[in-house]
Amino acid sequence: MDYKELCCKIIDSHDGLVYVTDMETNEVIFANKKLLQVICKNKAEVFGKPCYQALQDKECPCEFCTNSILSENKYYDWEIFREDMQRYFVLHDKLLILGDRKFRVEVGTDITDQVLEKREIKNKLNMEKTLIKCIDTLNHENDVNKAINELLKIVGETYDGDRAYIFERCEADNTVSNTYEWCKKEIVQQLDSLQKVPFSYFDMWIERFSNHKSRIIYSLKKELDHDSEEYKILGPQNIDSLVAAPLFNNGLLIGFIGVDNPSVEYLHYGLLEQITSFIVNDLQKRLLIEKLQVLSYRDSLTGVCNRTSYIKYLDELKDNSYSTLGVIFIDINGLKKANDSRGHAYGDQMIVRISGLLKKTFAEKVFRIGGDEFVVICTGMMREEFMRREQTLRAFAEQNAEINFSLGAVWTDEEISVEKLIAIADKAMYDAKRDYYQKYLHCDESL
């Protein structure tokens, strides 16, 4: 075995990718076995052929050719990603001069595993930072809605998506509604149009969600039946890909968080799955706040607005203009006597029944401002309609001897303060109450 043959065998046994080209003609004069295996070609397809054609399948010299910057003294190191192989390589190039000929020697090493490992570590670090940022946003912002919207902004930007959103499930009718949304500036918002969507449209989602798995779509057009309800909902939104993670509360699926058109590298990022429990906590916090607000502004017995709500609404009316204003003032007749003779449970039934009548007759603001006093405030209602509803109430009072009330009503299209109008209605009610007691009970109404 001569020296040249020995050198070729040594290089052939090298685990790296080695080849040599004539720098004047770009012809490949040597390529080791490892390189030929990687590019899936034999010697005849490579040797004597221009390197850009044999190794890169190009018709002209590569735009990244290093011939002009090589020297004999040191290797020139650089990296390249071969899209056709989906592999990363680090390359070491050096100038070799033999006689009057110049050659480029290139030794390549596949670093794909190292690159992906570094990227995975970097992604994990970024995800941890983003996760901490999301948690801090939810913990330090007192306004739950503002906190969740800010979180969606963080999520959408992290995934480089078009839209990030939360859907909440209504168990009563098994629908889902878009309750929170973040969009890129150029993306059309969808929140208003995605309300009360039957959850059955997302059967594939439910199946995965029930196993606590995310729903990932890489290509809407390729993966979904174009006649499916899922495609009909997602397609018009210009969604090509998405990732969505389920939201569970005590084992019950209450909704999901998703991102539309995220960058491919983030489809399996895992951030959504990491933040679901924190989102659920904030959603439950919001529901608790809403319940507390209902308790603060609603009468617990009747469900109509209470005195606190009444005072707040009067303040709001001061700052708003209205074309017409109507007030109904009602006081239940004989409630004290009913409580004393038949018990408070019976008296409560009277109150509930009157409040139900008011809610049925007036969709406007109905307030219970005292034990047996109710006020109805109507804005923007025409006189004829107001009087028609007033007569409905009066007819009920006349037809129900056991549950009776005195009523004062006033309507105006003139500029007048709501307090003054309420005072007029209040006086009319007391006049009616006095007449009732004198007519039916022959006593003063205070009895």
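Residues numbered from 1 in each chain as written. Predicted model: local features only at pLDDT ≥ 70, side-chain atom pairs only at ≥ 80, totals over all residues. Heavy atoms only, no water.

Engineer: I keep staring at the packing of helix H13 (residues 344–361) against helix H14 (residues 383–399) and nothing clicks. Help me out?
Structural biologist: The relative placement of two packed helices is expressed as an angle between their axes plus a distance between the axes. One way to put it is that H13 packs onto H14 with a least axis distance of 10 Å and a crossing angle of 155°. Relative to H14, the element H13 lies roughly antiparallel. When the axes of H13 and H14 are compared, the crossing they make is right-handed. Mapping the contact onto sequence places Arg 353, Ile 354, Leu 357, Leu 358 and Thr 361 in H13 and Arg 389, Thr 392, Leu 393 and Phe 396 in H14. Here the contact of H13 with H14 is composed, by residue class, of five nonpolar, two polar and two charged. (Axes fitted to C-alpha atoms, helices over the stretch in contact; angles between N-to-C directions. Helix = DSSP H or I, 4+ residues; strand = E, 2+ residues; numbered from the N terminus. Parallel < 35°, antiparallel > 145°, perpendicular 65-115°, else oblique. Left-handed = near helix turned anticlockwise from the far one by under 90°. Contact = heavy atoms within 4.5 Å. Nonpolar A, V, L, I, M, F, W, Y, C, P; charged D, E, K, R; others polar.)

Engineer: What should I look at first to understand the pattern of salt bridges in this one?
Structural biologist: The final tally for this structure, using the stated rule, is 24 salt bridges. With a shortest N-O distance of 2.7 Å, Glu 385 and Arg 389 are connected by a salt bridge. Within this pair, Glu 385 and its partner Arg 389 are both found in helix H14, separated by four residues, close to a single helical turn. The exposure class of Arg 389 is buried, given its relative accessible area of 15%. (Salt bridge = Lys/Arg side-chain N within 4 Å of Asp/Glu carboxyl O. Buried < 20%, exposed > 50% of the residue type's maximum accessible area, 1.4 Å probe, protein only.)

Engineer: Explain H13 here, please?
Structural biologist: Residue pairs spaced three or four apart in an α-helix point in one direction, given the helix's 3.6 residues per turn. Compared with the 26 Å implied by 1.5 Å per residue over 18 residues, the 26 Å span of H13 between its first and last C-alpha is a close match. Turning to H13, its buried residues number three or more, namely Tyr 346, Gly 347, Met 350, Ile 351, Ile 354, Ser 355, Leu 357, Leu 358 and Thr 361. Tucked into the core, H13 has its buried residues touching strand E12 (325–332), helix H12 (335–342), strand E13 (365–368), strand E14 (373–379), H14 and strand E15 (405–412). (Expected span 1.5 Å × (residues − 1).)

Engineer: Explain the sheet that holds strand E2 (residues 28–31) here, please?
Structural biologist: In a beta sheet, neighbouring strands are held together by backbone hydrogen bonds and run either parallel or antiparallel to one another. Strand order in the open sheet formed by five strands is E2-E1-E5-E4-E3, and the pairing between neighbours is antiparallel. The sheet is open, and its two borders are formed by E2 and strand E3 (76–82), each paired with just one other strand. Averaged over all neighbouring strand pairs, the angle between strand axes comes to 25°, with direction disregarded. Relative to strand E4 (residues 87–98), E3 is paired through seven bridges, and the arrangement is antiparallel. Considered in E4, the bridge of Phe 81 is made with Tyr 88. Sitting on the sheet, helix H5 (residues 112–140) touches E4 and strand E5 (101–110), and the angle it makes with E4 is about 135°. (Pairing = 2+ DSSP bridges.)

Engineer: Before we go on, may I ask you to explain a nonpolar patch on the surface in this structure?
Structural biologist: On the surface, a nonpolar cluster with roughly 310 Å² of combined accessible area is contributed by Leu 288, Leu 292 and Leu 295. Among the structural elements, Leu 288 can be located in helix H10 (residues 271–297). (Patch = residues over 30% accessible without salt bridge, like charges linked within 9 Å, V, L, I, M, F, W, Y side chains within 5 Å. Areas by Shrake-Rupley, 256 points an atom, 1.4 Å probe, with all protein chains shown as cover.)

Engineer: For this particular structure, what's the right way to read the sheet that holds strand E8 (residues 197–198)?
Structural biologist: Strand order in the open sheet made by the six strands is E8-E7-E6-E11-E10-E9, with antiparallel pairing throughout. A strand with exactly one partner marks an edge of an open sheet, and here the two such strands are E8 and strand E9 (215–217). Direction of pairing for strand E6 (residues 163–170) relative to strand E7 (residues 175–183): antiparallel, over a ladder of eight bridges. When the bridges of E7 are listed, Arg 169 appears paired with Val 176. Here helix H7 (residues 203–210) sits on the sheet and contacts E9, strand E10 (242–249) and strand E11 (252–260); the angle it forms with E10, its principal contact strand, is near 55°.

Engineer: Before we go on, may I ask you to explain the side chain of Asp 282 in this structure?
Structural biologist: Inspection of the secondary structure puts Asp 282 in helix H10. If we ignore the near neighbours within four places in the chain, the residues touching Asp 282 are Leu 138, Val 144, Ala 147 and Ile 148.

Engineer: I would appreciate a short explanation of unusual backbone geometry in the present structure.
Structural biologist: Note on backbone geometry: most residues besides glycine have negative phi, and most peptide bonds are trans. Unlike most non-glycine residues, Cys 40 shows phi in positive territory, near 60°. Of note, Asn 238 is a non-glycine position whose phi angle comes to about 60°, a positive value. Inspection of the secondary structure puts Asn 238 in the loop between helix H9 (229–234) and E10. Of the residues examined, Asn 238 reaches a relative accessible area of 64% and is grouped as exposed.

Engineer: How should the pairing of E7 be read in this particular structure?
Structural biologist: The two faces of a sheet get side chains in turn, since along a regular strand they alternate between them. Of all nine residues in E7, eight are buried; the element is thus mostly enclosed. Counted along the chain from E6 to the antiparallel partner E7, the turn is four residues long, and its residue Asn 174 has a positive phi close to 55°. Looking at chain direction, E7 and E8 are connected through two bridges and run antiparallel. Among the inter-strand pairings, Thr 175 is bridged to a residue of E8, identified as Pro 198.

Engineer: What is the right way to look at the environment of Leu 96 in this model?
Structural biologist: In this fold, Leu 96 is placed in strand E4. Note on Leu 96: relative accessible area 34%, which makes it partly exposed. Residues Leu 96 and Glu 72, spaced 24 residues apart in sequence, show a C-alpha to C-alpha distance of 6.1 Å. Contacts of Leu 96, omitting those with residues within four sequence positions, involve Arg 101, Lys 102, Phe 103 and Val 105.

Engineer: Mind showing me how you'd approach the nonpolar core here?
Structural biologist: Within soluble globular proteins, side chains that are nonpolar generally end up buried alongside one another. Membership of the largest hydrophobic core comes to 33 residues, with the highest contact counts inside it found for Leu 151, Val 155, Tyr 159, Ile 257 and Ile 275. When contributions to this core are tallied by element, the ones reaching two or more residues are H5, helix H6 (144–158), E6, E7, E10, E11 and H10. Among the elements that take part in this core, H6 stands out by supplying seven residues, more than any other. With near-sequence residues (within four places) excluded, Ile 275 lies in contact with Leu 131, Cys 134, Leu 151, Val 155 and Ile 257. Residues Ile 328, Ile 354, Cys 378 and Phe 396 belong to the second largest nonpolar core, which totals 26 residues. (Core = buried A, V, L, I, M, F, W, Y, C linked by side-chain atoms within 4.5 Å.)

Engineer: Just checking my understanding: could you explain the environment of Arg 215 for this structure?
Structural biologist: Structurally, the position occupied by Arg 215 is in strand E9. According to the relative accessible area criterion, Arg 215 is buried, its value standing at 6%. Along the primary structure Arg 215 and Ile 424 are separated by 209 residues, whereas in three dimensions their C-alpha atoms are 62 Å apart. The residues contacting Arg 215, other than those within four sequence positions of it, are Met 204, Trp 205, Arg 208, Phe 209, Leu 224, Glu 230, Leu 242, Val 243 and Ala 244. Only 3.3 Å separates the side chain of Arg 215 from the side chain of Glu 230, close enough to count as a polar contact. (Polar contact = N/O pair within 3.5 Å; in protein donor to acceptor, adjacent residues only side chain to side chain.)

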